[in-house]
Amino acid sequence: MQETNIIKSMFDRIVERYDLLNRVLSFGQDVYWRRKMAQFAFSHSKMLILDLATGTGDSAKPLLIKGARVMGVDISFRMLRIAKKKIKGAFIPLSASAYQLPFRNKFFDAVTCAFGIRNMHDTEQVLKEIHRVIKVGGKIIILEFSLPKGFVRAPYLFYLKKIVPFVSSFLSARYAYEYLGSSIESFYPPEEFITLLKNCGFNKIVSKPLSLGCVYLYSGEKVDD
Ligand SMILES: C[S@@+](CC[C@H](N)C(=O)[O-])C[C@H]1O[C@@H](n2cnc3c(N)ncnc32)[C@H](O)[C@@H]1O
C-alpha cells in the first residue's frame, strides 16, 4: 500500500511533461510500441478492453482507433485527468488500483498494460487479478521495458542511467527518471516473466522483442478458470 502511494505521487508529479519526455527519450518509438500492442490485442470490433495503468491515455488511443471500447484504469488522478481531456470516443477513465479491480469476473475480452506492471510491487497478485477479470478465451497483452542482451546492453545501460536522468532534469523530476532505470534493471527478465504468466494461469504465451530487446511485448490467453 505504501509502495503504491509512493508510485502514485511520483506519477502525479511528472504528469505535465510525461508525454513529451516519452517521445523525446524513446526517439518517438513509444508510439510504435503501443501500436504493436494494439495489433496484438485487437481481434474484433466492439471488443471491451481494460487498459490497465492507462496513464495519459496514449496506450488506449491505438486500441480505440482500431474500434475497441476501452476502460482506462489508473491510480493517478492527475494522469487520468489528462487522459479524459485528450482521448475521445468509446473511452471510460476510472481511478482504481490494479491490486483490486472493481469489475466482476470474466468482464473483459482483453486486458492491456503498457509500461505499468514494472511499477507494481506484487506482480503475481496483479496478474492473478487480471486473470480474474478476463473472459475465458480472452487475452492479456503486456508491454514492458527490458534489458537487451549482447553488444547493445552496455550503451543502453549508459543511456538509461546517465543520459535519461540528465535530460529529464531539465524538463521534469529527475528522481522519477532515475527510478525508471532502476525499475527496469530490477524487473523480471523475459524468460522469468513468461514463467510467471504461466504460473498465474495464462497459456499460449507469445513474447516478442521490440527495438533490439529494449522493450518486450507479451501476450497470453486465459483458456479456463
Ligand atoms: C509509465 S506509466 C504508463 C502509462 C501508459 N500506459 C503509457 O503507455 O504511457 C505507468 C502508469 O501506471 C500507473 N500505476 C502504477 N501503479 C498502479 C497500480 N497499482 N494500479 C493502477 N495503476 C498504476 C501510474 O499511475 C502510471 O500512470
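The structure reproduced in this document is the subject of the present report. (Residues numbered from 1 in each chain as written. Predicted model: local features only at pLDDT ≥ 70, side-chain atom pairs only at ≥ 80, totals over all residues. Heavy atoms only, no water.)

Considering helix 3 (residues 29-41)
Thought 1: With 13 residues, helix 3 extends 19 Å from end C-alpha to end C-alpha; this agrees with the ideal 18 Å at 1.5 Å per step.
Thought 2: Along helix 3, the positions that sit buried rather than exposed are D30, W33, R34, K36, M37, A38, F40 and A41. (Helix = DSSP H or I, 4+ residues; strand = E, 2+ residues; numbered from the N terminus. Expected span 1.5 Å × (residues − 1). Buried < 20%, exposed > 50% of the residue type's maximum accessible area, 1.4 Å probe, protein only.)

Points about the nonpolar core
Thought 1: Counting residues in each nonpolar core, the largest one holds 43 residues, and the members touching the most others are L143, F145 and Y177.
Thought 2: With five residues, helix 3 is the largest single contributor of residues to this core.
Thought 3: When residues no more than four places from it in sequence are discounted, the contact partners of L143 are W33, R34, M37, C113, A114, F115, L210, V215, Y216 and L217.
Thought 4: In terms of nonpolar packing, the next biggest core, distinct from the first, is built from 33 residues, Y99, L101, I130 and V133 among them. (Core = buried A, V, L, I, M, F, W, Y, C linked by side-chain atoms within 4.5 Å. Contact = heavy atoms within 4.5 Å.)

Structural notes on the pairing of strand 7 (residues 215-221)
Thought 1: In terms of burial, strand 7 is a largely internal element, seven of the seven residues being buried.
Thought 2: The alternating pattern of strand 7 places V215, L217, S219 and E221 and Y216, Y218 and G220 on opposite faces, both of which are buried.
Thought 3: Sheet topology note: the strand 6 (residues 203-210)/strand 7 ladder contains six bridges and is antiparallel. Considered in strand 7, the bridge of V206 is made with S219. (Pairing = 2+ DSSP bridges.)

Examining the environment of F40
Thought 1: One can find F40 in helix 3.
Thought 2: Linking F40 and Y218, residues 178 residues apart in sequence, is a C-alpha distance of 9.0 Å.
Thought 3: Apart from residues no more than four positions distant in its own chain, F40 is found in contact with K139, I141, V206, K208, L217 and S219.

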